[in-house]
Amino acid sequence: MGMKLIALASLALGVGAWNASAIQDPEVKVEIVKVTDQISMLVGEGGNIGIMNGADGLLMIDTQFAHMEAPIRTAIAEISAGNPAFVVNTHWHGDHVGGNLAFATDSYVVAHQNVRSRMKSGKPRGAPADPAALPDLTFGEGMTMHYNGQPVHLVHMPTGHTDGDTVVYFPQSNVVHMGDLMFNAMFPFVDIDSGGSVRGYLAALRSVYERVDDQTKIIPGHGKLASKKDLAEIIEMLESSIAMVEERIESGMTAQENVTAGISEKYASWSWRFIPTDKWLATVYRDLSAEKQGD
Ligand SMILES: [Zn+2]
């Protein structure tokens, strides 16, 4: 049943958008994590996807990579019939918008205006995106969609992970999708070149923390489904990293000495392939020392 749906979808998308290798690889799977009756988290390769379903149709948050189209469609078909009518992009990184071209065929793509401009130019890194993959609807500070019987608040968080991040709130379901403003129990990627900053990242987390409660289910950009408690731990890690590196800069430590000095053993397990401890410390140092020069 799932396979039939994929075959039909591929015909509708045309040859260019279809990646045959993905469907031939039985290893590529997308796991469905049920968050509430209406909301699911899809875990595959790249950023975690949020799916909301209901009487109006499907809303999808982020699209992972182009090669993940087939397993993503299989997972969506298990949740509900039909294609997503709306796709929200939490930010412009390739592991969150890579499937846009495939899904934009039957969806309106919604994102912060900086997501569109960075995808369009490809700056600061990468090639310009295919025009068909760009967001159709953009906003500044935020917007609210009224879909499937509840409001969906899209809130822009400036200068956090990038300059175009959106946090998606489902207040009635008590669910939040944080995009890459949350890496659960892993050092976060702060993309300074795309307008992100360590202090802005912390400010964004604090603002979400104020709006959620102990029952809120938080879909992180990367890592396991999270809670307010997990968010508190990241805030604590950021606060202590900032205080520690600030002190080191103050005392005249060089960038290399900061990396060599390391971080508390408490955070050893937060080091991961993409952001190992060294890279995390170097990012905090680069950001805070640039800030100092700007004074
Ligand atoms: Zn990202």
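Look a little higher up for the structure.
Residues numbered from 1 in each chain as written. Predicted model: local features only at pLDDT ≥ 70, side-chain atom pairs only at ≥ 80, totals over all residues. Heavy atoms only, no water.

Undergrad: Would you mind showing me how to read unusual backbone geometry here?
TA: Most peptide bonds take the trans configuration, and most residues that are not glycine carry a negative phi. Looking along the chain, the bond that leaves K123 and enters P124 is cis, with omega of 10 degrees. Relative to the elements of secondary structure, P124 occurs in the loop between helix 6 (113-121) and strand 7 (137-139). Here the phi dihedral of Q64 falls at roughly 55 degrees; this positive angle occurs in a residue that is not glycine. Position of Q64 relative to the elements: it lies in the loop between strand 4 (57-61) and helix 3 (69-79). Judged by its relative accessible area of 0%, Q64 is buried. Look at A185: it is not a glycine, yet its phi comes out positive at around 60 degrees. Within the secondary structure layout, A185 lies in the loop between strand 11 (175-177) and helix 7 (198-211). Among the residues examined, A185 registers a relative accessible area of 35% and is labelled partly exposed. (Helix = DSSP H or I, 4+ residues; strand = E, 2+ residues; numbered from the N terminus. Buried < 20%, exposed > 50% of the residue type's maximum accessible area, 1.4 Å probe, protein only.)

Undergrad: What is the right way to read the pattern of salt bridges from this model?
TA: Once the charged atoms of two side chains with opposite charge are near each other, the side chains can pair. Here the structure, examined in full by the defined rule, presents 10 salt bridges. We note a salt bridge from E291 to R199, for which the minimum N-O separation is 2.9 Å. Of this pair, E291 sits in helix 10 (residues 277-293) while R199 sits in helix 7, placing them 92 residues apart in sequence. Residue class for E291 comes out partly exposed when judged on its relative accessible area of 35%. (Salt bridge = Lys/Arg side-chain N within 4 Å of Asp/Glu carboxyl O.)

Undergrad: What is the right way to read the packing of helix 7 against helix 8 (residues 228-250) from this model?
TA: Relative orientation and spacing of two packed helices are given, respectively, by the angle between their axes and the distance between those axes. Running from amino to carboxyl end, helix 7 crosses helix 8 at an angle of 150 degrees, the nearest separation of the two axes being 10 Å. The orientation of helix 7 with respect to helix 8, classified from their angle, is roughly antiparallel. Regarding helix 7 and helix 8, the two cross each other, and that crossing is left-handed. Two secondary-structure elements touch here, helix 7 through V198, R199, Y201, L202, L205, R206, V208 and Y209 and helix 8 through K228, L231, A232, I234, I235, L238, E239, I242 and E246. Tallied by class, the residues present in the contact of helix 7 with helix 8 amount to 12 nonpolar, no polar and five charged. (Axes fitted to C-alpha atoms, helices over the stretch in contact; angles between N-to-C directions. Parallel < 35°, antiparallel > 145°, perpendicular 65-115°, else oblique. Left-handed = near helix turned anticlockwise from the far one by under 90°. Contact = heavy atoms within 4.5 Å. Nonpolar A, V, L, I, M, F, W, Y, C, P; charged D, E, K, R; others polar.)

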